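# Chains, contacts and geometry: an overview
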Amino acid sequence: MAGRDRQPEERDGARGGRAAPAKSGPRAGRERSAPSTFKPQGKKHSEGKPAGSERIARVAERIRTDLANMFLLGIVRDPDAQGAVVSSVKLTSDLSLARVFMRLVEVDPSDARKKALLKSLERAKGHIRHELAIRLDLRSVPELRFAWDETTEITAHMDALFAEVEADRKRF
């Protein structure tokens, strides 16, 4: 009853007679100061890319190399998937979807061969994803979507156009 007899300004703490909990830990007893002006040296996340894009690039590259090793080691046994090469992997920002761009070792594969490759990869998608889960240290493995990589055809077409322009230039 000693707390009731005192005036409000005499009470312990702001909660009417109860003492404020004591601070503990590494910051106990320190006074709050102004925000720190510490700026770390080196590469900043805001320089050119968002903060998580480096991790996304690392995971995409790891998926690409692991998939390439799986094709080289013959883990995917489908005959239509023989000669498959992983060109690149594009990941969404939340790492839930991976677009895997594929091509064949063959110089000029037919459209039927390209479709057969993509169809065989779609059939083996679950097995491939399971094998990736074993190799990757991720909470969840991204969903895989396979697509044909057209960069080689585009490059060949561009080279042909440049050669044509050069031939026209020499003619005139």
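A brief report on the enclosed structure follows. (Residues numbered from 1 in each chain as written. Predicted model: local features only at pLDDT ≥ 70, side-chain atom pairs only at ≥ 80, totals over all residues. Heavy atoms only, no water.)

## A closer look at the pairing of strand 2 (residues 97–104)
In terms of burial, strand 2 is largely enclosed, as six of its eight residues are buried. Counting the residues in the hairpin turn of strand 1 (residues 84–91) and strand 2 gives five residues, including Leu95, whose phi is positive at 60°. Across six bridges, the pairing between strand 2 and strand 3 (residues 143–148) is parallel. Within the sheet, the bridge partner assigned to Ala98 lies in strand 3 and is Leu144. (Buried < 20%, exposed > 50% of the residue type's maximum accessible area, 1.4 Å probe, protein only. Helix = DSSP H or I, 4+ residues; strand = E, 2+ residues; numbered from the N terminus. Pairing = 2+ DSSP bridges.)

## So, unusual backbone geometry
Positive phi, normally seen in glycine, also occurs at Leu95, with a value near 60°. Looking at where Leu95 falls in the secondary structure, it is placed in the loop between strand 1 and strand 2.

## Examining the sheet that holds strand 2
Read across the open sheet, the three strands follow the order 1-2-3; overall the sheet is mixed. Edge positions in the sheet fall to strand 1 and strand 3, since each of these pairs with one other strand and no more. Within the sheet, the average angular offset between the axes of one strand and its neighbour, ignoring direction, is 30°. Taken strand by strand, helix 3 (residues 111–123) contacts strand 1, strand 2 and strand 3, and its axis lies near 175° from that of strand 3. (Axes fitted to C-alpha atoms, helices over the stretch in contact; angles between N-to-C directions. Contact = heavy atoms within 4.5 Å.)

## Focus: the side chain of Asp149
With respect to the helices and strands, the residue Asp149 is situated in the loop between strand 3 and helix 5 (151–171). No salt bridge forms around the buried Asp149; measuring N to O, its nearest opposite-charge neighbour Arg103 is 4.7 Å away. A polar contact is formed between the side chain of Asp149 and the side chain of Ser87, at a distance of 2.7 Å. Of note is the side chain of Asp149, whose polar atom sits 3.0 Å from the side chain of Thr151. In contact with Asp149, other than residues within four places in its own chain, are Ser87, Phe101, Met102 and Arg103. (Lys, Arg positive; Asp, Glu negative; His and termini not counted. Salt bridge = Lys/Arg side-chain N within 4 Å of Asp/Glu carboxyl O. Polar contact = N/O pair within 3.5 Å; in protein donor to acceptor, adjacent residues only side chain to side chain.)

## Things to note about the nonpolar core
Residues Leu67, Met102 and Ile128 are the most contacted members of the largest nonpolar core, which totals 28 residues. Where this core is concerned, the elements lending two or more residues are helix 2 (53–73), strand 1, strand 2, helix 3, helix 4 (125–135) and strand 3. Apart from the residues lying within four places of it in its own chain, the contact partners of Leu67 are Val86, Val100, Ile128 and Leu132. (Core = buried A, V, L, I, M, F, W, Y, C linked by side-chain atoms within 4.5 Å.)

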